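So you can see what is in the structure, the chains are spelled out below.
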Amino acid sequence: MVLFIFLYSVRLHAQDTSLPAVEKGKLIYANALSTGNAVRGWVMEGPGILKFESGWMEMYAPGGKWDHVFWCPQQFPPSFIAEWDVQNLHTEEGLLIIFFAATGDKGQSIFDPGMPARDGTFKYYNRGRINCYHISYYANNPKLPDRGDSHLRKDPMFALLQTGKEGIATKSAAVHHIRLVKHNARIIMQVDGRKIIDYEDDGKKYGPVYQSGCIGFRQMRWSRSRYKNFKVWKVKND
């Protein structure tokens with residue numbers, strides 16, 4: 001038994017140390033998100049309203065009217081490191097999601113004229129014609145309050161790839177720094193340096209690993225948050 005435990009621990013250690021270090025390479029996108037001009041060309045889907053103040057971009061739906069997604073129009077490579085700051089302004093209820101590696105179901109742009117119109121309704125993203133990953137890193141849905149964990153999913157199957165640790169705490173009104181890594185098939189998310197997701201897509205169970213694509217910020221209708229300093233780097237020596 002002792003020998004088995006020793007061999008098992010050695011095997012796990014070898015797996016951990018064999019994972020390549022993921023480091024920042026060339027900066028390929030930087031946006032302070034501080035003014036309307038800064039996000040010119042971005043695409044809002046749903047009734048999201050933007051407000052800019054003190055270097056922040058605040059996003060919300062008046063009266064909690066409906067869900068909304070704000071897309072950066074740039075195509076990002078299969079491997080990247082993205083970072084941004086976020087602050088929850090409505091801790092009573094809400095849900096924050098990041099979409100990434102998003103393309104149309106045939107590899108076309110999500111903004112291709114042949115794609116169906118989208119209005120923020122979740123079914124157009126998690127059950128529609130978009131291939132992407134998404135992570136919910138703040139979850140306080142009134143129907144499931146204070147969920148207490150983060151979810152990595154693969155769409156349009158809405159497949160739950162990993163249930164991770166809590167991202168932003170339910171009642172936290174602090175500024176949080178988010179780091180999202182996609183290194184080919186491996187996906188990592190950190191909140192304030194604390195890892196909440198670490199998963200490698202096998203490219204089999206739910207289809208091929210998604211490669212390049214867009215990044216979008218999604219908020220459930222009750223959410224009111226603000227964002228700044230969105231930056232994306234290539235992965236060094238990828």
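Please refer to the structure placed before this passage.
Per chain, residues are indexed from 1 in the order of the written sequence. pLDDT decides what is reported in this predicted model: residues at 70 or higher carry local features, side-chain atom pairs at 80 or more are listed and counted, and totals for whole chains, interfaces and linings draw on all residues regardless. Calculation of side-chain values draws on the structure's entire complement of heavy atoms; hydrogens and water are dropped beforehand.

Draft legend 1. Spatial organisation of the layout of surface pockets. What the largest pocket holds in volume is close to 260 Å³. Space inside and on the surface of the protein is sampled on a 1 Å grid over the protein atoms alone, with a cavity defined as a set of points where a 1.4 Å probe fits but cannot get out and a pocket as an open set with protein on both sides within 12 Å along at least 5 of 7 lines; lining residues have an atom within 4 Å of a point. Taken together, 17 residues make up the lining of the largest pocket; nearest its centre are Leu-95, Ile-97, Phe-122, Arg-147 and Phe-158. Each helix is a run of DSSP H or I of at least 4 residues and each strand a run of E of at least 2, with the numbering of both proceeding from the N terminus. Secondary structure elements with two or more residues in the lining of the largest pocket: strand 7 (94-104), strand 8 (130-140), strand 9 (150-155) and strand 14 (213-219). Among the elements that take part in the lining of the largest pocket, strand 8 stands out by supplying four residues, more than any other. Grid points are joined across faces, edges and corners, and a volume is the space filled by probe spheres set on the points.

Draft legend 2. Focus on the nonpolar core. The term nonpolar core refers to a set of buried residues drawn from Ala, Val, Leu, Ile, Met, Phe, Trp, Tyr and Cys, joined through side-chain atoms within 4.5 Å. Partly exposed describes any residue whose relative accessible area lies between the buried limit of under 20% and the exposed limit of over 50%, with all areas from a 1.4 Å probe on protein chains only and scaled to the type maximum. Counting residues in each nonpolar core, the largest one holds 40 residues, and the members touching the most others are Trp-84, Phe-100, Tyr-137 and Phe-230. In this analysis, two residues are considered to be in contact whenever any of their non-hydrogen atoms come within 4.5 Å of each other. Beyond its immediate chain neighbours, meaning those up to four positions away, Tyr-137 contacts Trp-84, Val-86, Leu-96, Ile-97, Ile-98, Gly-167, Ile-168, Ile-178, Met-189, Ile-196 and Tyr-227.

Draft legend 3. Fine view of the environment of Ile-197. Checked against the element boundaries, Ile-197 lands in strand 13 (residues 194-200). With 80 residues separating them along the chain, Ile-197 and Ala-117 place their C-alpha atoms 31 Å apart.

Draft legend 4. Structural detail: the sheet that holds strand 2 (residues 43-45). When DSSP finds two or more bridges between a pair of strands, those strands are recorded as paired. Within the open sheet, the seven strands sit side by side as 2-5-14-7-8-9-10. Their pairing is antiparallel. Unpaired on one side and paired on the other, strand 2 and strand 10 (159-164) mark the two borders of the sheet. Geometrically, the sheet is characterised by an average inter-axis angle of 20° between neighbouring strands, direction not taken into account. Relative to strand 8, strand 7 is paired through nine bridges, and the arrangement is antiparallel. Bridge pairing in strand 8 places Ile-97 opposite Ser-136. The angle between two axes is taken between their N-to-C directions and runs from 0 to 180 degrees, where each axis is a line fitted to C-alpha atoms and a helix contributes only its stretch in contact.

Draft legend 5. Highlighting the packing of aromatic side chains. What counts as a ring pair is set by centres within 6.5 Å for rings of Phe, Tyr and Trp (its six-membered ring), and what kind of pair is set by the plane angle: stacked under 30 degrees, edge-to-face over 60, tilted for all other angles. Enumeration over the complete set of coordinates arrives at 18 aromatic pairs. Between Trp-42 and Phe-70 the ring centres are 5.1 Å apart and the planes differ by 40°, which places this aromatic pair in the tilted class. Here Phe-70 lies in strand 5 (residues 68-76) and Trp-42 lies in the loop between strand 1 (24-31) and strand 2, a separation of 28 residues in the sequence. This pair shows no difference in class: Trp-42 is buried, exactly as Phe-70 is.

All quantities given are derived from atomic positions and should not be read as evidence of function.
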